[in-house]
Amino acid sequence: MRDESQVYQRQGFGAGLGVQPPIGLLIVDFVNGFADPGTFGGGNIPGAIDRTVGLLATARERGWPVAHSRIVYADDDSDANIFSTKVPGMLGLKEHSPASAIVDVLAPVAGERVVRKNVPSAFFGTDLAPWLTQRGVRTLLVAGCVTSGCVRASVVDAMCWGFRPVVVEDCVGDRAIGPHEASLFDMRQKYADVMSLEALHAQLPSA
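The sections below set out a description of the structure shown in this document.

Parameters and conventions
Residue numbers here run from 1 along each chain, matching the order of that chain's written sequence. In view of the model being predicted, local features appear only for residues whose pLDDT reaches at least 70, and side-chain atom pairs are presented and counted only at 80 or more, with totals across whole chains, interfaces and linings using the full set of residues. Here the side-chain values reflect all heavy atoms present in the structure, with hydrogen atoms and water set aside. Each helix is a run of DSSP H or I of at least 4 residues and each strand a run of E of at least 2, with the numbering of both proceeding from the N terminus. Radius of gyration here uses only the C-alpha atoms, and the compact-globule reference equals 2.2 Å multiplied by the residue count raised to the power 0.38. A simple rule labels every residue: compare its accessible area, found with a 1.4 Å probe on the protein chains alone, to the largest value its type can have, and call it buried under 20%, exposed over 50%, or partly exposed in between. Whenever a helix is involved, its axis is fitted only over the stretch in contact; in every case the axis is a line through C-alpha atoms, and angles between N-to-C directions fall within 0 to 180 degrees. Any angle that falls under 35 degrees is termed roughly parallel, while one over 145 is termed roughly antiparallel, one within 65 to 115 roughly perpendicular, and all others oblique. Each crossing is labelled by how the near helix is turned from the far one, with a counterclockwise turn of less than a right angle marking it left-handed and a clockwise turn marking it right-handed. Throughout, a residue-residue contact means that at least one pair of heavy atoms, one from each residue, lies within 4.5 Å. By convention in these notes, a salt bridge is any Lys or Arg side-chain nitrogen within 4 Å of a carboxyl oxygen on Asp or Glu. The pairing criterion is simple: DSSP has to find at least two bridges between the two strands. Only rings of Phe, Tyr and Trp enter the pairing, Trp through its six-membered ring, and a pair is recorded when the two centres are within 6.5 Å. The plane angle decides the type: under 30 degrees is stacked, over 60 is edge-to-face, the rest tilted. Orienting the strands away from the viewer, one traces the path from the first strand over the helix to the second; a clockwise path indicates a right-handed crossover.

**A closer look at the overall build of the protein**
Looking only at helices and strands, the protein has eight helices and six strands in total. Scanning the protein from its N terminus toward the C terminus, one meets helices and strands in the order α-β-α-α-β-α-β-α-β-α-β-α-β-α. Its C-alpha radius of gyration of 16 Å places the protein within 12% of the 17 Å reference for a compact globule of 207 residues. Reported as C-alpha extents along the three principal axes, the dimensions of the protein are approximately 50 × 40 × 30 Å. Counting the 207 residues in the protein, one finds 47% classified as buried.

**Re the packing of helix α6 (residues 147–160) against helix α7 (residues 177–190)**
Across the interface, α6 lies against α7 with an axial gap of 9 Å and an inter-helix angle of 15°. The pairing of α6 with α7 is recorded here as roughly parallel in orientation. Judged by the sense of rotation from one axis to the other, the crossing of α6 with α7 is right-handed. Together, T147, S148, V151, R152 and V155 of α6 and P179, H180, S183, L184, D186 and M187 of α7 make up the contact between the two elements.

**Comments concerning the pattern of salt bridges**
Going through the model one piece at a time under the given rule, you end up with nine salt bridges. For R70, the salt bridge goes to E95, with nearest N and O atoms at 3.1 Å. With R70 in strand β2 (residues 66–71) and E95 in the loop between α4 (82–86) and β3 (113–117), the pair connects residues that are 25 residues apart, well separated along the chain. On the basis of relative accessibility, which here comes to 6%, the residue R70 falls in the buried class. With its nearest N and O atoms 2.2 Å apart, the salt bridge here joins D77 to K94. Placement of the pair is D77 in the loop between β2 and α4 and K94 in the loop between α4 and β3, with a sequence separation of 17 residues. Classification of K94 by relative accessible area gives buried; the value is 13%. Ionic contacts of the salt-bridge type, sharing partners, join the residues R70, E95 and R116 into one network.

**Re the sheet that holds β2**
The six strands lie next to each other as β3-β2-β1-β4-β5-β6, forming an open sheet whose pairing is parallel. Single-partner strands in this sheet number two, and they are β3 and β6 (193–195). Here the strands of the sheet are splayed against their neighbours by 25° on average, with no regard to which way each runs. Note: β2 against β3, five bridges, orientation parallel. Along β3, the bridge assignment pairs A67 with R113. Sheet contacts for helix α3 (residues 45–62): β1 (23–28), β2, β4 (139–145) and β5 (164–173); angle to β5, the most-contacted strand, approximately 130°.

**Observations concerning the packing of aromatic side chains**
A full pass over the atoms with the stated rule returns four aromatic pairs. Seen from their ring centres, Y8 and F13 are 5.4 Å apart, and the 70° between their planes marks the pair as edge-to-face. Residue Y8 is classed as partly exposed on the basis of its relative accessible area of 23%. Chaining the aromatic ring pairs together yields one cluster made of Y8, F13 and F185.

**Section: the pairing of β4**
Burial within β4 is extensive, with seven of its seven residues counted as buried. Burial along β4 is two-sided: the face carrying T139, L141, A143 and C145 and the face carrying L140, V142 and G144 are both buried. As defined by bridge partners, β1 adjoins β4 across six bridges and the pair is classed as parallel. Residue V28 lies in a different strand from β4, and its bridge partner there is G144. Bridging between β4 and β5 involves six bridges; their strand directions are parallel. Within the sheet, the bridge partner assigned to V142 lies in β5 and is V167. Taking the sense of rotation as the criterion, the β-α-β connection linking β4, α6 and β5 turns out right-handed.

Put into structure tokens, the structure is as follows:
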């Protein structure tokens, strides 16, 4: 993508938010179907899953609130919507479908919230915002897939709810690199801080 960052800088975009405790972690849709290139996956998603293992370990060590999201449609398709009209294969993601299950290496543990959704944002029509607010979260780290879809939608809504989103750029992935990079650029300019896992660790307060 052509470097147009100077235009945004001149117009005052891209101010930093910083990593301000309390911190929470949202892992968006790292489920089997999105890990599988034959279903909804591909691109750099496998590597993002691998790096999120370390991020999740840090969150657990530090006692941060952790939420996971997964796409789940009703068994009888009674909640089919515009999202599933646009991407009909989404209707295959049911409560007990292996494709909708969170990948084993990131499986939730007791106390971690699992948000079920049937639209891109993990916030829309769910209790995620009050769950995070009740736990005092100020900065919300975001990992997951896909960068240009459910990650971006969740980041925009997180910002709208008053959280400070930080996209951990090597812990998010997309089936195509062009949309991934464009979405990181866009979120960095308007909605979130975007930084590597290494840079995040450098900014974390002492445990």
